[in-house]
Amino acid sequence: MDKVEGCTRALMEAVTSSEAYARYISVKEELSGQPELKKQINDFRRRNYLIQNQPDSEKLLLEMADLEREYEDFRKNPLVHEYLEAELRVCRMMQKISQELVSVIDLELDDIEDAIIL
């Protein structure tokens, strides 16, 4: 377990010292001085999350298009754009790490999914 813990600490260090994470932190700090703008960003993020995680996938494209139209001018704000892009880069980095790790761990998750569906 010592090796796993050591590698986990090394991975944490690599992520937190990455260019993507540094940019995210920098933009986040810049945004901290504008609480109303941060609230608007969080409202957009919340709505985006809810739309993407709804059970009715038929509505997904229509609702995403509506959200994009509604927030089109808002997203033209350079700080908003930069924050969302920086956050997305960090999220994609974390997803890739998770996918790579899960791809080599045999937990028989397909069996669990089949049991849940039944």
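Everything below is about the structure shown above.
In this text the structure is predicted, and so the values were computed from the model without any measurement.

The contact between helix 3 (residues 35–52) and helix 6 (residues 78–104) brings their axes to 11 Å, and the two run at 50 degrees. Our classification of the angle between helix 3 and helix 6 gives oblique. Helix-helix and strand crossings are classified by hand; for helix 3 and helix 6 the assignment is right-handed. Residue-level inspection shows Leu37, Lys38, Ile41, Phe44 and Arg45 of helix 3 in contact with helix 6, the latter providing Leu79, Val80, Tyr83, Leu84 and Glu87. Class assignment for the residues of the contact of helix 3 with helix 6 results in 7 nonpolar, no polar and 3 charged.

Another point: a nonpolar patch on the surface. There is a patch of nonpolar side chains on the surface, built from Leu101, Val104, Ile105 and Leu107 and spanning about 410 Å² of accessible area. Of note, Val104 is situated in helix 6.

As a further point, take the layout of surface pockets. The volume enclosed by the largest pocket comes to roughly 470 Å³. In terms of lining, the largest pocket is formed by 16 residues, of which the most central are Arg45, Asn48, Gln52, Glu87 and Leu88. Those elements that provide at least two residues to the lining of the largest pocket are helix 3, helix 4 (60–70) and helix 6. Classifying every residue of the lining of the largest pocket gives 6 nonpolar, 4 polar and 6 charged.

Looking now at the pattern of salt bridges. According to the stated counting rule, one finds 9 salt bridges in the structure shown. The salt bridge involving Arg46 is made with Asp43; its shortest N-O contact spans 2.9 Å. Highlighted residues: Arg46 and Asp43, both in helix 3, separated by 3 residues, approximately one helical turn. A relative accessible area of 48% means that Arg46 is categorised as partly exposed. In this structure, the salt-bridge partner of Arg45 is Glu87, at a minimum N-O distance of 2.7 Å. Note that Arg45 is positioned in helix 3 and Glu87 in helix 6, a separation of 42 residues in sequence. Owing to a relative accessible area of 15%, Glu87 belongs among the buried residues under this scheme. One network of salt bridges, in which partners are shared, links Lys39, Asp43 and Arg46.

The rules we used
- Residues numbered from 1 in each chain as written.
- Predicted model: local features only at pLDDT ≥ 70, side-chain atom pairs only at ≥ 80, totals over all residues.
- Heavy atoms only, no water.
- Axes fitted to C-alpha atoms, helices over the stretch in contact; angles between N-to-C directions.
- Helix = DSSP H or I, 4+ residues; strand = E, 2+ residues; numbered from the N terminus.
- Parallel < 35°, antiparallel > 145°, perpendicular 65-115°, else oblique.
- Left-handed = near helix turned anticlockwise from the far one by under 90°.
- Contact = heavy atoms within 4.5 Å.
- Nonpolar A, V, L, I, M, F, W, Y, C, P; charged D, E, K, R; others polar.
- Patch = residues over 30% accessible without salt bridge, like charges linked within 9 Å, V, L, I, M, F, W, Y side chains within 5 Å.
- Areas by Shrake-Rupley, 256 points an atom, 1.4 Å probe, with all protein chains shown as cover.
- Salt bridge = Lys/Arg side-chain N within 4 Å of Asp/Glu carboxyl O.
- 1 Å grid on protein atoms, 1.4 Å probe; cavity = no way out; pocket = protein on both sides within 12 Å on 5 of 7 lines; lining within 4 Å.
- Points joined across faces, edges and corners; volume = space filled by probe spheres on them.
- Buried < 20%, exposed > 50% of the residue type's maximum accessible area, 1.4 Å probe, protein only.

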